[in-house]
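Residue-level structural notes
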Amino acid sequence: MGKKSKYPEYSTGTITVNGKTVASTTRDKNNNVVGSSYNMSNAEKKIYNSIQNNLYNSLNGLFDITDENKKEWNKQLNAIKEQGIQQINDVYTPMETNLRNNIANRFGNLDNSVFLDNLNEITDKRSQAVSDLSNTLLSTQNELYSNELSNRINSISFLNNLNAAMNNNILNFTNAAMNNSTSGNNYNNNAYNATNSGGLWSNMLQTGNTIISAAGTAAKFMKK
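Just so we're clear, the structure is a prediction, and the values are computed from it rather than from any experiment.

What the protein contains, in helices and strands, is three helices and three strands. Secondary structure elements of the protein occur, N-terminal to C-terminal, as β-β-β-α-α-α. Within the protein, buried positions represent 21% of all 224 residues. Residue pairs in contact within the protein that sit at least 24 positions apart in sequence constitute 65% of those at least 6 positions apart. Total accessible area on the protein is roughly 16,200 Å²; 52% of this is exposed by carbon and sulfur atoms.

Here it is in structure tokens:
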């Protein structure tokens with residue numbers, strides 16, 4: 001009878017790029033394929049770890065306002081404040097000076113209703129300008145915080161996209177390695193079955209021939 005062939009070892013799927021194995025399957029102690037792994041280069045490890053660390057730090061400190069932030073914002077706010085005060089003085093100081101000179105020339109003194117009424121009007125407008133400047137500073141401060149938060153969120157989104165891209169790349173390679181292993185094992189299984197199926201038919205044919213031969217010999221013996 002024909003000898004049954006031994007089932008081949010499990011096929012390991014590998015993915016090679018530029019001569020380097022980037023993904024391969026893993027096996028258990030019984031030689032069964034149980035998973036796949038991605039082999040990062042040193043450069044990829046640095047990039048991957050950097051993305052992970054920066055993503056963690058960015059999320060952890062998303063709403064933290066640092067001293068550096070405050071220093072930069074105060075610098076901008078002070079510049080706006082000084083410019084606003086200068087503009088207010090440039091507008092209203094000459095108006096007050098002209099009013100004083102005009103009243104003094106016309107009436108000889110500043111103790112009159114015309115002067116006081118005009119002065120009050122100028123003072124009210126100056127006060128409104130100062131109030132507008134304060135509102136502008138507060139609005140700018142909120143805008144600076146909003147812009148900083150928006151920039152941080154954009155940075156987190158960018159890091160998250162990089163992280164997702166690397167993980168998808170890893171998943172694609174490991175899945176490809178598993179597919180290669182599955183294809184190899186399917187081929188081995190089909191080849192094994194075909195080989196042993198052929199041996200079975202050969203054994204059955206040989207057995208049949210033996211039976212036929214024996215029957216022929218018996219028939220000849222009976223005729224004698």
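This part is about the sheet that holds strand β3 (residues 33-38). By way of backbone hydrogen bonds, the strands of a sheet pair with one another, either parallel or antiparallel. With antiparallel pairing, the three strands of this open sheet are ordered in space as β1-β2-β3. Each edge of the open sheet is held by one strand with a lone partner, namely β1 (14-17) and β3. Within the sheet, the average angular offset between the axes of one strand and its neighbour, ignoring direction, is 15 degrees. Bridge count between β1 and strand β2 (residues 20-27): four bridges; the pairing is antiparallel. Considered in β2, the bridge of Thr 16 is made with Thr 21.

Glancing now at the packing of aromatic side chains. Applying the stated criterion across every chain, the model contains two aromatic pairs. Seen in terms of ring centroids, Trp 73 and Tyr 145 are 6.4 Å apart; in terms of plane orientation they differ by 85 degrees. Their pairing is edge-to-face. Placement of Trp 73 in helix α2 (residues 67-107) and of Tyr 145 in helix α3 (residues 113-223) is noted, with a sequence separation of 72 residues between them. For Trp 73, a relative accessible area of 11% gives the class buried. Using a relative accessible area of 32% as the deciding quantity, one classes Tyr 145 as partly exposed.

Let us look at the nonpolar core. Listed in full, the 12 residues of the largest apolar core are Trp 73, Leu 77, Ile 88, Tyr 92, Leu 99, Phe 115, Leu 119, Ile 122, Ala 129, Leu 133, Leu 137 and Leu 144. Of all the secondary structure elements, the ones that give two or more residues to this core are α2 and α3. Among the elements that line this core, the one with the most residues is α3, at seven residues. Grouped together as the second largest cluster of nonpolar side chains are nine residues, Val 22, Ala 23, Met 166 and Ala 177 included.

So, on to the pattern of salt bridges. As enumerated under the stated definition, the model contains three salt bridges in all. Here Arg 126 and Glu 96 are joined by a salt bridge, their closest N and O atoms 3.6 Å apart. One end of the pair, Arg 126, is in helix α3; the other, Glu 96, is in helix α2, and 30 residues separate them in sequence. Since its relative accessible area comes to 19%, Arg 126 is described here as buried. In this structure, the salt-bridge partner of Glu 148 is Arg 152, at a minimum N-O distance of 2.9 Å. Note that Glu 148 and Arg 152 are positioned in helix α3 at a spacing of four residues, about one turn of the helix.

We now examine helix α1 (residues 42-60). Taking 1.5 Å per residue, 19 residues should reach 27 Å; α1 reaches 27 Å between its end C-alpha atoms and fits that length. Of the positions making up α1, those classed as buried are Tyr 48, Ile 51 and Leu 55. Looking straight down α1, one finds that the buried residues subtend no more than 60 degrees of arc, so they occupy a single side. Residues of α1 that are exposed and point over 90 degrees away from its buried face: Asn 42, Lys 46, Tyr 56 and Asn 60.

What follows is about the confidence of the model for the protein. Per-residue confidence for the protein gives a mean pLDDT of 81; residues scoring 70 or more make up 78%. By mean pLDDT, the top-scoring element of the protein is α1 (95), and the lowest-scoring one is α3 (78). Counting contacts from residues 211-224, a segment whose pLDDT is below 50, to residues more than four positions away or on other chains yields zero contacts.

Further remarks concern the environment of Phe 63. With respect to the secondary-structure elements, Phe 63 resides in the loop between α1 and α2. Classification of Phe 63 by relative accessible area gives exposed; the value is 56%. Separated by 86 residues in sequence, Phe 63 and Leu 149 place their C-alpha atoms 7.3 Å apart. Ignoring sequence-local partners within four residues, the contact set of Phe 63 consists of Tyr 145, Leu 149 and Arg 152.

At a separation of 3.1 Å, a polar atom in the side chain of Arg 126 contacts the side chain of Asn 89. In this structure, Arg 126 is in contact with Ile 88, Asn 89, Tyr 92, Thr 93 and Glu 96, ignoring residues within four places of it in sequence.

About the criteria used
Residues numbered from 1 in each chain as written. Predicted model: local features only at pLDDT ≥ 70, side-chain atom pairs only at ≥ 80, totals over all residues. Heavy atoms only, no water. Helix = DSSP H or I, 4+ residues; strand = E, 2+ residues; numbered from the N terminus. Buried < 20%, exposed > 50% of the residue type's maximum accessible area, 1.4 Å probe, protein only. Contact = heavy atoms within 4.5 Å. Areas by Shrake-Rupley, 256 points an atom, 1.4 Å probe, with all protein chains shown as cover. Pairing = 2+ DSSP bridges. Axes fitted to C-alpha atoms, helices over the stretch in contact; angles between N-to-C directions. Phe/Tyr/Trp six-rings, centres within 6.5 Å; stacked < 30°, edge-to-face > 60°. Core = buried A, V, L, I, M, F, W, Y, C linked by side-chain atoms within 4.5 Å. Salt bridge = Lys/Arg side-chain N within 4 Å of Asp/Glu carboxyl O. Expected span 1.5 Å × (residues − 1). Arc of directions from axis to C-beta. pLDDT = per-residue confidence, 0-100. Polar contact = N/O pair within 3.5 Å; in protein donor to acceptor, adjacent residues only side chain to side chain.

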